[in-house]
Amino acid sequence: MLTKHGRTMHPPLSPTFERLLEYIKQSRGFDFTGYKRSSLMRRVQRRMQMVGVDNYETYQDYLEVYPNEFAQLFNMLLINVTSFFRDRPAWNFVAAEVIPRILERKALGEPIRIWSAGCASGEEACTLAIILAEALGIKQFKERVKIYATDLDEEALIYARQASYKGCTNLSAELLERYFESDETHYQFRKDLRCCVIFGRHDLIQDAPISRIDLLVCRNTLMYLNAETQGRVLSRFHFALQERGYLFLGKAEMLLTQTRLFVPVELRHRIFVKVPQTLSWESPRLLLQNYSESVEQTLGSARLRDLAHDSGPVAHVAVDINGLLILANQRARTLLGLDSRDLGRPLRDLKVSYRPVELRSLLDQVYTERSLLAQKDVAWAPLNGEVMYLDVQVVPLQDLGGNLLGASITFTDTTLAKQLKEDLLQSNQELELAYEELQSANEELETTNEELQSTNEELQSTNEELETMNEELQSTNEELHQRTEQIHQVNEFFEAVLASLRGGVAVVGQNLQVLAWNTQAESLWGLRVEEARGQHFFSLDCGLPVDQLRASLRACLSGEAALLTSVVQATNRWEQPISCKVTCTPLKGPMGSIQGAILVMEEPEEFPP
């Protein structure tokens with residue numbers, strides 16, 4: 001809300017609402033104090049309406065009585081809205097411009113580290129995996145890429161770890177086929193690629209950031225934080241990214257106030273690149289004190305020289321009230337390039353009046369205010385070219401009566417002290433960075449441990465399934481063994497029946513191949529079972545004139561006759577001519593279909609009288 005003067009009006013803080021936030025922080029470990037109050041209050045009030053509560057104190061009591069309400073409240077506060085390739089033009093720019101730039105500066109085989117902050121149910125992390133797999137190929141992706149997907153909502157992480165989605169409307173059929181395994185209702189992200197995505201709980205406001213990141217994606221998460229908290233989180237993002245690392249934000253996040261940390265690559269799509277951080281130093285500050293003005297000229301140069309001589313052993317010059325250089329000690333002559341001939345000359349005619357600092361304006365101010373004036377860390381490059389730093393101090397000189405005589409100017413060399421200060425600050429910064437790096441490494445280890453635990457649970461589940469399948473296979477094997485035994489018994493029974501018949505028996509199929517040949521047929525014609533079985537009946541090499549039986553076989557196989565008997569002249573196994581009675585009957589299946597023919601062959605002595 002804006003006032004009539006154009007300034008932003010923030011909603012007044014509610015003590016009862018702040019106590020509610022503090023209660024949530026103390027009881028459940030969720031710190032929402034960094035979030036925008038207007039958004040938080042609106043969502044909490046919406047949840048209060050759902051449960052029929054009209055003020056924050058009563059709602060706090062409600063949370064104490066019904067602890068399960070915390071989950072519903074957090075779902076309301078932590079809005080997990082995501083989808084594959086959400087805001088497609090921005091993702092197209094990442095795939096076409098950002099990823100190739102990252103790969104260009106990477107050595108062959110060098111790891112690629114991606115962080116999806118606020119990953120919700122995991123679609124964003126899978127989108128990153130698809131883009132990188134398309135750019136690198138599946139093999140290189142699995143060898144080089146690690147995607148860290150973090151969120152504050154534990155329930156969302158449980159769903160994300162499953163990587164199973166019901167709707168994938170933003171994905172083409174080609175990508176669905178290449179990167180998902182589908183059943184009737186869900187699409188499961190490929191498990192070999194899913195292993196490169198590590199899900200873990202992470203609080204952007206409190207936890208140490210993950211380090212050495214090439215691309216950090218945090219879309220529409222910062223918008224729920226206030227400006228101060230956003231700045232703190234963005235500083236952590238700056239630390240997390242590699243040099244020239246990329247930051248990908250949501251459409252509602254402009255990052256206009258953090259230009260010292262990031263500069264836009266494509267502002268329309270909210271893509272920024274990290275600015276290398278350098279040490280910055282505060283500019284010197286003027287120390288001013290006011291006194292009343294009373295200016296008179298007294299005393300001569302002799303007294304002025306005595307006072308200047310007592311000011312100290314550092315580089316020192318003195319000027320009188322008329323602006324004449326009265327004194328310059330040896331250190332001042334060496335440092336500032338003065339000599340004895342410059343004494344008595346107007347200061348304005350000497351280089352020391354404006355180098356290393358503008359002395360004329362300082363003198364005017366000292367004379368007016370009659371107070372000490374100093375400038376610190378003034379850079380000065382003498383003739384040898386090495387830069388040094390000086391503390392310049394201008395002190396008004398007065399006699400015992402308070403009459404202004406002139407000014408004493410000292411130039412104190414602080415180069416060594418400044419260097420030590422810079423070294424100390426640099427060491428402190430390196431120590432802080434090392435500590436943050438250690439915290440980040442510890443966070444990664446914890447996240448990896450959680451992933452390993454999840455993988456171990458999946459392996460245990462898979463092992464149980466394999467044991468179940470093994471038991472089923474054993475049961476099936478036993479059933480097959482029983483059926484084999486039954487078939488063996490049937491075959492033995494069939495063989496016994498054939499062996500018990502008095503005449504020779506041959507069974508042929510529709511294709512006239514011999515299916516059975518009993519021992520009596522073997523004894524009659526001298527043709528063994530293994531020689532006859534599987535042969536065409538009319539190609540059998542025995543003393544039976546098989547050609548004379550064609551008509552009978554055709555009649556039986558076609559169903560024209562149920563029983564045909566004929567007597568043929570044949571030659572038995574001892575090459576003795578015999579008259580053989582051949583009886584041909586159809587071989588019928590269970591449903592009455594003709595499957596072949598049965599031929600019974602009897603020797604003459606077996607004919608009835």
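Everything numeric in this text was worked out from a predicted model, so none of it was measured. (Residues numbered from 1 in each chain as written. Predicted model: local features only at pLDDT ≥ 70, side-chain atom pairs only at ≥ 80, totals over all residues. Heavy atoms only, no water.)

As enumerated under the stated definition, the model contains 12 aromatic pairs in all. Between the aromatic rings of tryptophan 115 and phenylalanine 237, the centroid separation amounts to 5.8 Å while the plane-to-plane angle is 80 degrees, which identifies the pairing as edge-to-face. Here the residue tryptophan 115 occupies a position in strand 1 (residues 112-117), and phenylalanine 237 occupies one in helix 11 (residues 227-240), the gap between them amounting to 122 residues. Here the two residues tryptophan 115 and phenylalanine 237 agree in accessibility, since each one is buried. Here a set of aromatic residues connected by ring pairs shows up, and it is made of Phe84, Tyr159, Tyr165, Phe180, Tyr187 and Phe189. In this arrangement the basic side chain of arginine 573 is found over the ring face of tryptophan 574, its NZ or CZ atom lying 5.2 Å from the centre. (Phe/Tyr/Trp six-rings, centres within 6.5 Å; stacked < 30°, edge-to-face > 60°. Helix = DSSP H or I, 4+ residues; strand = E, 2+ residues; numbered from the N terminus. Buried < 20%, exposed > 50% of the residue type's maximum accessible area, 1.4 Å probe, protein only. Lys NZ or Arg CZ within 6 Å of the ring centre and 35° of its normal.)

Once that is clear, we can look at helix 5 (residues 88-104). With 17 residues, helix 5 ought to run about 24 Å at 1.5 Å a step, and its terminal C-alpha atoms sit 24 Å apart, in line with that. Valine 94 marks where helix 5 bends most, by close to 35 degrees. Turning to helix 5, the residues buried within the fold contact helix 6 (123-136), strand 7 (213-218), strand 8 (241-249), strand 9 (262-266) and strand 10 (271-274). (Expected span 1.5 Å × (residues − 1). Bend = angle between axes of the 7 residues up to and from the residue. Contact = heavy atoms within 4.5 Å.)

Across the sheet, which stays open at both edges, the 5 strands sit in the order 17-16-20-19-18 with antiparallel pairing between neighbours. Every interior strand has two partners, whereas the edge strands, strand 17 (514-517) and strand 18 (564-571), have only one. On average, each strand axis in the sheet is inclined to that of its neighbour by 25 degrees, with strand direction left out of account. As paired strands, strand 19 (residues 577-588) and strand 20 (residues 594-602) are joined by 8 bridges and run antiparallel to one another. Across the sheet, the residue bridging to cysteine 584 is leucine 599, located in strand 20. (Pairing = 2+ DSSP bridges. Axes fitted to C-alpha atoms, helices over the stretch in contact; angles between N-to-C directions.)

Below, the discussion takes up the nonpolar core. One finds Phe141, Ile147, Leu171, Phe180, Phe189 and Leu215 to be the most contacted residues of the largest nonpolar core, which totals 46 residues. Sort the elements by how many residues they give to this core and helix 6 lands first, with 9 residues. Once residues within four sequence positions are removed from consideration, phenylalanine 189 is found in contact with Cys126, Ala129, Ile130, Ala163, Tyr179, Phe180 and Arg194. (Core = buried A, V, L, I, M, F, W, Y, C linked by side-chain atoms within 4.5 Å.)

Moving on, we come to the pattern of salt bridges. For the structure shown, the criterion picks out 26 salt bridges. A salt bridge links glutamate 57 to arginine 19; the shortest N-O distance between them is 3.4 Å. Separated by 38 residues along the polypeptide, glutamate 57 in helix 3 (residues 56-65) and arginine 19 in helix 1 (residues 15-28) bring together distant segments of the chain. On the accessibility criterion, glutamate 57 (46% relative accessible area) is partly exposed. Here arginine 19 falls in the partly exposed class, since its relative accessible area comes to 45%. Between arginine 268 and glutamate 266 there is a salt bridge whose closest N-O contact spans 3.8 Å. Each of Lys106, Glu110 and Asp214 takes part in one network of salt bridges that share partners. (Salt bridge = Lys/Arg side-chain N within 4 Å of Asp/Glu carboxyl O.)

Moving on, we come to the pairing of strand 18. Along any regular strand, the residues point their side chains to alternate faces of the sheet. Here strand 18 pairs with strand 19 via 8 bridges, running antiparallel. Looking at the pairing, valine 568 lines up with cysteine 580 of strand 19. Joining the antiparallel neighbours strand 18 and strand 19 is a turn of 5 residues, in which glutamate 575 adopts a positive phi near 60 degrees.

In spatial order, the strands read 6-2-1-7-8-10-9; together these 7 strands make up an open sheet with mixed pairing. In this open sheet, the two strands that pair with only one neighbour each are strand 6 (197-201) and strand 9. Between one strand and the next, the sheet's axes are offset by a mean angle of 25 degrees, whatever the strand orientation.

Right, let's get into unusual backbone geometry. A cis amide bond links arginine 355 with the next residue in sequence, proline 356, at an omega value of 5 degrees. Phi is positive for alanine 120, close to 55 degrees, though the residue is something other than glycine. Within the secondary structure layout, alanine 120 lies in the loop between strand 1 and helix 6. Given the relative accessible area of 4%, alanine 120 is considered buried.

On to the pairing of strand 7, then. The buried fraction of strand 7 is high, at 6 of 6 residues. Bridging between strand 1 and strand 7 involves 3 bridges; their strand directions are parallel. When the bridges of strand 7 are listed, serine 116 appears paired with valine 217.

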